[in-house]
Amino acid sequence: MDQLDVALVTAMREHPRVGDLELSRITQVARATVQARLAKLEQAGIITGYGPDIDLVAAGHPVLAFVTLEIAQGLLEAVTEELDSLPNVLEAYVTSGNADVVCKIAATSHEDLQATLLHISRSGSVARSTSVIVLSEVVKPRVEPMLRKGALAGSSRAPNYPRPRDL
């Protein structure tokens, strides 16, 4: 990704419903350039969707927890199926260290979270779970600072060649 790609992604995050024409105005590049760049970012799998961001608290799920799971040997596939079947499990990752899997779980209440945790612990493929309840958000989910830091250096715009009448 170069600086223009990052500028496009940032503009899209700041103005989620913006169209290609407005993106071209914001980034000060041609509309065709915007369309071509977005197509390349999609084809490369960098842009994976355009869905709305959801505020879990406003949507009625104010309890958020991170849960680590130690699973029984060789039962990762079973745990994956079990977690995938639970709508409260927002994300799950295989990890290194003491835990085998880390999950992000949202719930409507502490009782709802407890029911989800009990369901997971009864699965037979989970040997032990540990949960941490989120009290508040310190840094909102983001990717732009990392993308800006990693953007390829140099100009991302076509050079400004002199027009024949300027020569």
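Residues numbered from 1 in each chain as written. Predicted model: local features only at pLDDT ≥ 70, side-chain atom pairs only at ≥ 80, totals over all residues. Heavy atoms only, no water.

(A) Expanded view of the side chain of Asn-88. Relative to the helices and strands, Asn-88 resides in the loop between helix 4 (76-84) and strand 2 (89-94). Judged by its relative accessible area of 13%, Asn-88 is buried. Only 3.1 Å separates the side chain of Asn-88 from the side chain of Asp-112, close enough to count as a polar contact. Ignoring anything within four residues of it in the chain, the contact list for Asn-88 reads Lys-104, Ile-105, Ala-106, Ala-107, Asp-112 and Thr-116. (Helix = DSSP H or I, 4+ residues; strand = E, 2+ residues; numbered from the N terminus. Buried < 20%, exposed > 50% of the residue type's maximum accessible area, 1.4 Å probe, protein only. Polar contact = N/O pair within 3.5 Å; in protein donor to acceptor, adjacent residues only side chain to side chain. Contact = heavy atoms within 4.5 Å.)

(B) View of the pattern of salt bridges. Applying the stated rule across the entire model yields eight salt bridges. Between Arg-37 and Asp-2 there is a salt bridge, with the nearest N and O atoms lying 2.9 Å from each other. A residue pair is termed long-range when its members are at least 10 positions apart, and Arg-37 in helix 3 (residues 31-43) and Asp-2 in the segment before helix 1 (3-14) qualify at 35 residues. Classification of Arg-37 by relative accessible area gives buried; the value is 18%. Connected through salt bridges with shared partners, the residues Asp-2, Asp-5 and Arg-37 form a single ionic network. (Salt bridge = Lys/Arg side-chain N within 4 Å of Asp/Glu carboxyl O.)

(C) Quick peek at the side chain of Ser-24. You can see Ser-24 is positioned in helix 2 (residues 20-27). Of the polar contacts made by the side chain of Ser-24, one reaches the backbone oxygen of Leu-21; its length is 2.5 Å. Among residues more than four places away in sequence, those in contact with Ser-24 are Val-29, Ala-30, Arg-31 and Val-34.

(D) Representation of the layout of surface pockets within the structure. Put simply, the largest pocket is a space of about 1,500 Å³. Lining the largest pocket are 38 residues; nearest its centre among them are Arg-13, Pro-52, Asp-53, Ile-54 and Pro-141. Taken together, the residues of the lining of the largest pocket break down into 25 nonpolar, five polar and eight charged. (1 Å grid on protein atoms, 1.4 Å probe; cavity = no way out; pocket = protein on both sides within 12 Å on 5 of 7 lines; lining within 4 Å. Points joined across faces, edges and corners; volume = space filled by probe spheres on them. Nonpolar A, V, L, I, M, F, W, Y, C, P; charged D, E, K, R; others polar.)

(E) Local environment of the pairing of strand 3 (residues 101-107). In terms of burial, strand 3 is largely enclosed, as five of its seven residues are buried. Pairing geometry for strand 1 (residues 63-71) and strand 3, over seven bridges, is antiparallel. From the neighbouring strand, Ala-65 faces strand 3, where its bridge partner is Ile-105. The pairing of strand 2 with strand 3 spans five bridges and is classified as antiparallel. Considered in strand 3, the bridge of Tyr-93 is made with Val-102. (Pairing = 2+ DSSP bridges.)

(F) Spatial organisation of the nonpolar core. Among the nonpolar cores identified, the biggest contains 17 residues, and Val-67, Leu-69, Leu-83, Cys-103, Ile-105, Leu-113 and Ile-120 are the most heavily contacted of them. Those elements that place two or more of their residues in this core are strand 1, helix 4, strand 3 and helix 5 (110-121). Examining the composition of this core, we find that five residues originate from one element, strand 1, more than from any other. In contact with Leu-69, other than residues within four places in its own chain, are Val-79, Leu-83, Ala-99, Asp-100, Val-101, Cys-103, Ile-120, Val-126, Arg-128 and Ser-129. (Core = buried A, V, L, I, M, F, W, Y, C linked by side-chain atoms within 4.5 Å.)

(G) Geometry of unusual backbone geometry. For Gln-28, which is not a glycine, the phi torsion comes out positive at approximately 60 degrees. Here Gln-28 is to be found in the loop between helix 2 and helix 3. A relative accessible area of 65% means that Gln-28 is categorised as exposed.

(H) View of the packing of helix 1 against helix 2. One can describe the packing of helix 1 onto helix 2 by two numbers: an axis separation of 10 Å at closest approach and a directional angle of 120 degrees. One finds that helix 1 runs oblique with respect to helix 2. Helix 1 and helix 2 meet at a crossing whose hand is right-handed. Of helix 2, the residues touching helix 1 (which contributes Leu-4, Ala-7, Leu-8, Ala-11 and Met-12) are Leu-23, Ile-26 and Thr-27. Residues of the contact of helix 1 with helix 2, tallied by class, amount to seven nonpolar, one polar and no charged. (Axes fitted to C-alpha atoms, helices over the stretch in contact; angles between N-to-C directions. Parallel < 35°, antiparallel > 145°, perpendicular 65-115°, else oblique. Left-handed = near helix turned anticlockwise from the far one by under 90°.)

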